[in-house]
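Remarks on the overall topology
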Amino acid sequence: MSSNKVVATFQRMRQEQRSLASKAAELEMEINEHHLVIDTLKDVDPSRKCFRLVGGVLVERTVKEVLPALENNKEQISKYIETINTQMQTKGRELTEYREKYNIRLVSEGEAESQGQTATSTQNSEGGASKSGTGVLVS
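Summary of the structure given here. (Residues numbered from 1 in each chain as written. Predicted model: local features only at pLDDT ≥ 70, side-chain atom pairs only at ≥ 80, totals over all residues. Heavy atoms only, no water.)

1. Details of the overall build of the protein
Helix and strand content of the protein: three helices and four strands. Its helices and strands taken in sequence order, the protein reads α-β-β-α-β-α-β from the N to the C terminus. Look at the contacts in the protein between residues 6 or more apart in sequence, and 71% of them connect residues 24 or more apart. When the accessible surface of the protein is summed, it comes to about 9,800 Å², and 49% of that surface belongs to carbon and sulfur atoms. (Helix = DSSP H or I, 4+ residues; strand = E, 2+ residues; numbered from the N terminus. Contact = heavy atoms within 4.5 Å. Areas by Shrake-Rupley, 256 points an atom, 1.4 Å probe, with all protein chains shown as cover.)

2. Observations regarding the pattern of salt bridges
Across all of its chains, the model carries five salt bridges by this definition. Across the salt bridge formed by Lys91 and Glu16, the nearest N and O atoms sit 2.5 Å from each other. Linking Lys91 in helix H2 (residues 63-102) with Glu16 in helix H1 (residues 3-42), this pair joins segments that are 75 residues apart in sequence. Residue class for Lys91 comes out buried when judged on its relative accessible area of 14%. By relative accessible area, Glu16 is classed as partly exposed at 27%. When salt bridges that share partners are traced, they join Arg12, Glu16, Lys91 and Glu94 into one network. (Salt bridge = Lys/Arg side-chain N within 4 Å of Asp/Glu carboxyl O. Buried < 20%, exposed > 50% of the residue type's maximum accessible area, 1.4 Å probe, protein only.)

3. Remarks on the pairing of strand S2 (residues 57-62)
Pairing of strand S1 (residues 49-54) with S2, which is carried by six bridges, proceeds in the antiparallel orientation. Of the residues in S2, the one forming a bridge with Lys49 is Thr62. (Pairing = 2+ DSSP bridges.)

4. So, the environment of Met13
Along the chain, Met13 turns up in helix H1. In this structure, the C-alpha to C-alpha distance between Met13 and Leu95, residues 82 residues apart in sequence, is 6.8 Å. Every residue in contact with Met13, bar those within four places of it in the chain, is listed here: Lys91, Glu94, Leu95 and Tyr98.

5. A few points about a nonpolar patch on the surface
On the surface, Phe51, Leu53 and Leu58 cluster together to form a nonpolar patch covering roughly 360 Å² of accessible area. Structurally, Phe51 is set in strand S1. Exposure remark for Phe51: the relative accessible area of 51% places this residue in the exposed category. (Patch = residues over 30% accessible without salt bridge, like charges linked within 9 Å, V, L, I, M, F, W, Y side chains within 5 Å.)

6. Here's the deal with the packing of aromatic side chains
Tallied over the entire structure, the rule returns two aromatic pairs. Between Phe10 and Tyr98, the ring centres sit 6.5 Å apart and the planes meet at 10°, which makes this aromatic pair stacked. You can see Phe10 sitting in helix H1 and its partner Tyr98 sitting in helix H2, a full 88 residues away along the chain. When sorted by exposure, Phe10 lands in the same class as Tyr98, which is buried. On the basis of an interplanar angle of 50° and a centroid distance of 4.8 Å, the ring pair of Tyr98 and Tyr102 is categorised as tilted. One end of the pair, Tyr98, and the other, Tyr102, are both in helix H2, four residues apart, so they sit about a helical turn from each other. Through a chain of ring-to-ring contacts, the aromatic side chains of Phe10, Tyr98 and Tyr102 assemble into a single cluster. (Phe/Tyr/Trp six-rings, centres within 6.5 Å; stacked < 30°, edge-to-face > 60°.)

Below you can see the structure in the form of structure tokens.
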């Protein structure tokens, strides 16, 4: 596999892991919102009317109808977050294996330029690149 393909695949895998982390953070915020609403509604008269957004439509219900649905949603979101966290761990292991397989090193933006020149001069002095000795530099 060419070094460009290796880098592209690695970056795609990193982006997938970032999107999983972003989704997990978004769902964590949603759980916090559910928690706030549930705590607020617990102290309210069960026959009191409240409004709930369902599929983009605001519907009128009573607190005793809405509260169990909110608690159920909160549980479902928690389970989904657990699934996403498991997927993130798996993706992290895949990334680590991929990095080790292709000897990928990560460098910060400032070091990338100087490291790139060093890697190029090292390759030239060694007379090319062998599969086991080549490192791919990803910034």
